[in-house]
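Given next are the chains, with one letter for each unit.
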Number of protein chains: 2
Amino acid sequence: MAGKIQKKREDLRRRLIDLAEKRVADGGIQQIRARELAKEAECAVGAIYNVFGDLNELVMAVNGRTFKRLGTYVLEAVNANPDTSPTAVLTTMAHAYLGFAQSNTPAWRTLFDLEMSTEQEVPEWYLFELQQLLALIAKPVAQNFPDLPPGDVELMTRGLFSSIHGIVVLGLEKRISAVPTDELERMISLIINSLSENS
Amino acid sequence: MAGKIQKKREDLRRRLIDLAEKRVADGGIQQIRARELAKEAECAVGAIYNVFGDLNELVMAVNGRTFKRLGTYVLEAVNANPDTSPTAVLTTMAHAYLGFAQSNTPAWRTLFDLEMSTEQEVPEWYLFELQQLLALIAKPVAQNFPDLPPGDVELMTRGLFSSIHGIVVLGLEKRISAVPTDELERMISLIINSLSENS
């Protein structure tokens, strides 16, 4: 009996994440509205809050899936590139990040919109997904900067991710950086190609 | 007579920008509400739209002032630093950008929030202010990369600004980059120190 209830909860939870994922893909976090989700999931509004503490928790679950898709997208790009030099790998990753953001803009924005709008604690699994992504970058960074102490590799890795993120954010938000989108890849290459150990 | 009306318009315009600037400094773009501004400016709500096409135009005017303050802030930091090597200048500028964002967070965010939320044309004077800022960065970039063609200096300049912007954005939004604020300066130094002409 308890198992049956448990199963129903899990089914509803998955159904809600599926529906929320579609909405986030279409229009971002603004599309997450309890009443509409309940209607689509054919459950009471209150039932949503039986499986999720609040709507942020639901968006978190969607972001977890987006992180996974992003990781796969980046890895496939790296594996498709025969050039395995650290600089080539970092450039491929950065271009893939731009490509993912361009072809999944609302879902990608939601990764950051949520962070911007919530003060709640971030769940362990979320930080784990983030770590997985950063680990992908840390490897070529460590190869590119063999003399950097581990702590600095970590800092350089996050700094590099943040840098590429900034280029993509301002690049897709055309007016501020005013760089034509087809120039963004070249901008990214310019930056990464000029990164080297000379300090 | 016409001159008198003109003067009244300009007084109201300046008064509204002053009030909007205070509100943006306190709580960002969300604090810009026509009814409250009209009350503070002791004018009718309609009068606001006689001097500004819409509230975005008013926020634009505030952002223009913020750009000027940011430019002054960065220049003063550069002038205060005896080390005039391109790398030192770029690092000082980047640290100053972080410092300005930290001590003027709502006003700084509004520079980008508006861009994110409007599709209207950007006025010439706004792009001019932006150019002024980028010109500050272009000089040390050109010194640091003497062999870069001018077009690439421009691209590298915007790329570098976007990179530092990304580090500051994710850094102040603690959860994603998860870098303690006092590590941000070191992260910025790491990135800029490892930028050099080796392509």
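Just above sits the structure.
Peer 1: What am I meant to see in the overall build of chain A here?
Peer 2: For chain A, the helix and strand inventory stands at 10 helices and 0 strands. Helices and strands in chain A line up, N terminus first, as α-α-α-α-α-α-α-α-α-α. If one aligns the C-alpha atoms of chain A with their principal axes, the spans along those axes are about 65 × 40 × 35 Å. A burial count over chain A gives 52% of its 199 residues as buried. In chain A, the share of contacts with a sequence separation of at least 24, taken over all contacts with a separation of at least 6, comes to 68%. Carbon and sulfur atoms provide 55% of the accessible area of chain A, an area that totals close to 9500 Å². The averaged location of the 26 negative side-chain charges in chain A is 11 Å from the averaged location of its 21 positive side-chain charges.

Peer 1: Would you mind going over helix α4 (residues 55-80) of chain A with me for this structure?
Peer 2: Because each turn of an α-helix spans 3.6 residues, side chains separated by three or four positions in sequence point in the same direction. For α4(A), spanning 26 residues, the distance from its first C-alpha to its last is 38 Å, which sits close to the expected 38 Å at 1.5 Å a residue. Sitting at the amino-terminal end of α4(A) is Asp54(A), which places a side-chain oxygen 3.1 Å from the backbone nitrogen of Asn56(A).

Peer 1: I keep staring at the environment of Ser194(A) and nothing clicks. Help me out?
Peer 2: Residues and elements named next belong to chain A. Secondary-structure assignment places Ser194 in the segment after α10 (181-193). Assessed through its relative accessible area of 1%, Ser194 is described here as buried. It is 17 Å that separates the C-alpha atoms of Ser194 and Gly166, two residues lying 28 residues apart in sequence. Within the structure, the side chain of Ser194 is placed 2.9 Å from the backbone oxygen of Leu190, a separation counted as a polar contact.

Peer 1: Is there a simple way to think about empty space enclosed by the protein in this case?
Peer 2: To locate leftover empty space, one rolls a probe as large as a water molecule over the atoms. Residue and element names in this part refer to chain B. Counted under the stated rule, the structure contains 3 cavities of 30 Å³ or more. Put simply, the second largest cavity is a space of about 200 Å³. Around the second largest cavity, the lining is made up of 13 residues, and of these Met93, Ala94, Tyr97, Ile137 and Phe161 lie nearest the centre. Only α4 (55-80), α5 (86-103), α7 (124-144) and α8 (150-172) provide two or more residues apiece to the lining of the second largest cavity. Here the lining of the second largest cavity takes 4 residues from α5, the largest share from any one element. Of the residues contributing to the lining of the second largest cavity, the split by class is 13 nonpolar, no polar and no charged.

About the thresholds
Here the residue index of a chain counts from 1 through its sequence in written order. Written order decides the labels, with chains lettered from A and ligands numbered from 1. Totals for whole chains, interfaces and linings use all residues, but because this is a predicted model, local features are given only for residues with pLDDT of at least 70 and pairs of side-chain atoms are given and counted only at 80 or more. Excluding hydrogens and water, the side-chain figures rest on all heavy atoms present in the structure. A helix here means a DSSP run of H or I that spans at least four residues, while a strand means a run of E at least two residues long, and both kinds are numbered starting from the N terminus. Think of it in three bands: with a 1.4 Å probe and only protein chains considered, a residue is buried below 20% of the maximum accessible area for its type, exposed above 50%, and partly exposed in between. Should any heavy atoms of two residues lie within 4.5 Å, those residues are counted as being in contact. Surface accessibility in these figures is a Shrake-Rupley result with a 1.4 Å probe; residues are shielded only by whichever protein chains are displayed. The sign given to each residue is positive for Lys and Arg and negative for Asp and Glu; His and the chain ends receive no count. Here the site of a charge means NZ on Lys, CZ on Arg, CG on Asp, or CD on Glu. Multiply 1.5 Å by the residue count of a helix minus one, and that product is the helix's expected span. Counted as a polar contact is a pair of N or O atoms within 3.5 Å, where, for protein atoms, one must be capable of donating a hydrogen and the other of accepting one, and residues adjacent in sequence contribute only when both atoms are in side chains. A pocket, in this scheme, is an open set of points on a 1 Å grid over the protein atoms alone with protein on both sides within 12 Å along at least 5 of 7 lines, while a cavity is a set where a 1.4 Å probe fits but cannot get out; residues line either one if an atom lies within 4 Å of a point. Grid points are joined across faces, edges and corners, and a volume is the space filled by probe spheres set on the points. Lys, Arg, Asp and Glu make up the charged group, whereas Ala, Val, Leu, Ile, Met, Phe, Trp, Tyr, Cys and Pro make up the nonpolar group; the residues left over, Gly among them, are polar.

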